[in-house]
Amino acid sequence: MRAIGLNFGHDAGAARVGPDGALVIEVEKEIGIRHACAGGTEEARETLRRWTADWAGSSRVGVSDYSFVKAPVTPAGLDTLIADPTWAAPERIADAVVRRIDPGPWFLADAVGDAEVYAVRHHFAHAASAYYSSEADDALVLALDGAGNYAECGMVCIGAGDRLTPVMSLHNETGPRVGLVYEALAKRVFRTNFDTGKLLGLSAVGTVDHELAEPLAVLLADNAARRAMPDLLAPLSDERLAGTAMRYGDTWYPYDTEAGGYITAQVRAGEDAVNWFGRRFPDSVRMGDRVVVVGDDAEDPATQHVAATLQHVVEETLVHLVTGLSVRYPGHAALCYAGGCALNITANTRLAGLYPRMHIPTCCDDSGIALGAALAVAGGLRASATFAGPALSAPGPAAQPAGTSARGGLPASGTSRFADDEDMVETVADWLADGLVIGWVQGPLETGPRALGHRSLLASPHIPGMRRRVSQELKGREWFRPVAPLCPADVADQYFTGPLNHARTMLFACTVVESRATELAEVRHVDGSARLQVVDREENPLLHALLHAVGSRTGLPVLINTSLNPGGRPIVNTASDARDLLSAARNTALVLADTRTAVRPTSTRERATART
């Protein structure tokens, strides 16, 4: 069976799965706008229309259950279903995750043709992306994020063979509101709730305030909900919380012992929970005679301490939740995990200690919803998600004749071609050792927000100041955001400790070996952690060889790896966009590994010099 999946919400996309694997199209990477929504622009809708038409003939189409009033793009039957209380009711979760609908007229009607169209519940799509992209045949599956429709924030499923069965809906009224509250603080500090990754980086700079931790835990779940399900949500001390209060605007809300919360009386139900907890973060927290003012500036130490404290509370909440779920639903050797919360790598590292095996798809956020929707209706098909994106969408620049080697250095600008893979590896290793920043393009595009060696900016960390040059000067990122190290799997334990068996997709935190702290300073975060990616010889022989070649020159077989994109933009997937990015700085080169081609863009400074 072949199936198409569609997501029209933010991080809109399309995916096709079949016996030959998966292909995932993320609209943001096609049109260059982060978190693009299908209802936002005609260009976004045309992207979905084009790819869906190319896949005509699929027997089933799964559509994530988002609807848009201002820019209707969803099938009419989906809008009707969303308004049906039997679809939204948490108690009907077992039969309210996939349902066939009459699509009626919609903008993809011609592209879809006669295929059967199904609505797929948002969090079930997350769960399907996690389970069906794994190798597990028996797993506890958790989806957790800010909010889908109906104020739902997550779902628990059981994966067995080719079946995925929902067993619990998690709701923002009761919690855990992990994603929603994290997004609210990110919005306060960075002005958008999409910048939770920045907040994670900032949290490492601050210090945990343990007195503040318990009031912040109430935001994630009221104590009344904790008392009702103590195995999943750890109850808090009413005695310690009595007398505490939170300020929103000009109003102080004292802790209500009966309700077990601060603003419980103001939050009626449903979308109110999303609006109260997700749109705002308290301005101050009072604990006895002490008042903590919540800052809104990443440079303010008070803001950094609040970020660190919230991160600590989130980790404790998730560990208790998953531990409780493992007791409620025992006997599963694997945990499959998706949703935006699964991008929190330090929390993931703690969860990894609870199960022998843990799988998180690289597109665990909403960039994987289209893939999950396709897998949810595909009859148990499995598909790897890591490199399921398209190839470079435009051919590289014309190269010099084959056999014209670039050894000996790149020209001031222009293009040259390597004789073979060995020539390419050895030459690029020379460039990296000499301090060049390399845009490395290889194979199909990664799915999700992480560059994993297919659309990467590479640089050697043996050169002091290289992190700043790549991250802050070239990409315009904040100083507190780390860059990731790339290391061959066969020597990784000489430089890093931690869950190295989970380190292939940059979704877990490892720790730099203390004796290596100085030489790895450029890839070591302030707390000693590193978002490591290991590379196997079998999985990526070119990149593996390049790392060892760099090591033979510098003594350090590790590279800085960050995504090939300017700040605030998605990962690029055209040679021209990559060249434009690199031309912003001197001493850069673009390597198109599949065609063994190197391009030296003319930098802005070089162009200015030429004009004068």
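Since the model is a prediction, treat every value here as computed from it, not as a measurement.

1. Re the overall build of the protein
When helices and strands are tallied, the protein shows 20 helices and 26 strands. In summary, the protein has a C-alpha radius of gyration of 25 Å against a globular reference of 25 Å for 612 residues, a match within 12%. Dimensions of the protein, computed from C-alpha atoms along their principal axes, come out at roughly 75 × 65 × 50 Å. When each of the 612 residues of the protein is scored for burial, the buried share is 60%. If you take every contact in the protein between residues at least 6 apart in sequence, the share linking residues at least 24 apart comes to 67%. When the accessible surface of the protein is summed, it comes to about 22600 Å², and 50% of that surface belongs to carbon and sulfur atoms. One way to put it: in the protein the 56 positive side-chain charges average out to a point 4 Å from where the 72 negative ones average out.

2. A word on the confidence of the model for the protein
Mean pLDDT over the protein stands at 91; residues scoring 70 or higher make up 94%. Of the regions scoring below 50 in pLDDT, residues 395-403 engages in 18 contacts with residues more than four places distant in sequence or in other chains. Note on residues 604-612: pLDDT is under 50 here. Beyond four places in sequence and across chains, it has nine contacts.

3. Quick word on the pairing of strand β4 (residues 60-64)
When you tally the buried positions in β4, you get four out of five residues, the bulk of the element. Bridging between strand β1 (residues 3-7) and β4 involves four bridges; their strand directions are parallel. Bridge pairing links I4 to V61 in β4. In the sheet, β4 pairs with strand β6 (residues 116-120) via five bridges, with the strands oriented parallel. Across the sheet, R60 pairs through a bridge with E116, a residue of β6.

4. Thoughts on the pattern of salt bridges
This model, assessed by the stated rule, comprises 30 salt bridges. Beyond isolated ion pairs, a larger network of salt bridges with shared partners links E42, R45, E46 and R49.

5. Observations regarding a nonpolar patch on the surface
Taken together, the side chains of W252, V291 and V293 present a nonpolar region at the surface, about 250 Å² in accessible area. Of note, W252 is situated in strand β11 (residues 251-254).

6. Notes on helix α16 (residues 421-433)
Every α-helical turn comprises 3.6 residues, leaving residues that sit three or four positions apart pointing alike. End to end, α16 covers 18 Å across 13 residues, agreeing with the expected 18 Å (1.5 Å per residue, within 8%). Taken together, the buried positions of α16 are D423, M424, V425, T427, V428, A429, W431, L432 and A433. For α16, the elements touching its buried residues are β17 (437-441), β18 (455-459), α18 (541-554), β24 (559-563), β25 (588-592) and β26 (597-600). The N-cap of α16, judged by a side-chain oxygen 3.3 Å from the amide nitrogen of E422 a few residues on, is D420. Positioned one or two residues after α16, G435 has a phi angle of 100°, which is positive.

7. Re the sheet that holds strand β19 (residues 484-488)
Spatial strand order, β16-β26-β25-β17-β18-β24-β19-β23: eight strands in an open sheet with mixed pairing. Each of the sheet's edge strands pairs with one partner strand only, and the pair in question is β16 (414-417) and β23 (533-535). The sheet shows a mean angle of 30° between the axes of neighbouring strands, taken without regard to direction. Here five bridges tie β17 to β25, and the two strands are oriented parallel to one another. Counted as the bridge partner of I438 is A589 from β25. Sheet contacts for helix α19 (residues 575-582): β17, β18, β25 and β26; angle to β25, the most-contacted strand, approximately 160°.

8. Looking at the sheet that holds β11
Sheets are built from strands paired through backbone hydrogen bonds, the pairs being either parallel or antiparallel. Strand order across the open sheet formed by four strands is β11-β10-β12-β13, with antiparallel pairing between neighbours. Strand pairing shows two members of the sheet lacking a second neighbour, β11 and β13 (290-293), which therefore form its edges. Looking at each pair of strands side by side, their axes are set apart by 20° on average, direction ignored. As judged from the four bridges shared by strand β12 (residues 284-287) and β13, these two strands associate in the antiparallel manner. Within the sheet, the bridge partner assigned to S284 lies in β13 and is V293. Seen against the sheet, helix α9 (residues 210-220) touches β10 (244-248), β12 and β13 and runs at an angle of roughly 120° to β12.

Cut-off values and rules
Residues numbered from 1 in each chain as written. Predicted model: local features only at pLDDT ≥ 70, side-chain atom pairs only at ≥ 80, totals over all residues. Heavy atoms only, no water. Helix = DSSP H or I, 4+ residues; strand = E, 2+ residues; numbered from the N terminus. Rg over C-alpha atoms; globule rule 2.2 N^0.38 Å. Buried < 20%, exposed > 50% of the residue type's maximum accessible area, 1.4 Å probe, protein only. Contact = heavy atoms within 4.5 Å. Areas by Shrake-Rupley, 256 points an atom, 1.4 Å probe, with all protein chains shown as cover. Lys, Arg positive; Asp, Glu negative; His and termini not counted. Charge placed at Lys NZ, Arg CZ, Asp CG, Glu CD. pLDDT = per-residue confidence, 0-100. Pairing = 2+ DSSP bridges. Salt bridge = Lys/Arg side-chain N within 4 Å of Asp/Glu carboxyl O. Patch = residues over 30% accessible without salt bridge, like charges linked within 9 Å, V, L, I, M, F, W, Y side chains within 5 Å. Expected span 1.5 Å × (residues − 1). Polar contact = N/O pair within 3.5 Å; in protein donor to acceptor, adjacent residues only side chain to side chain. Axes fitted to C-alpha atoms, helices over the stretch in contact; angles between N-to-C directions.

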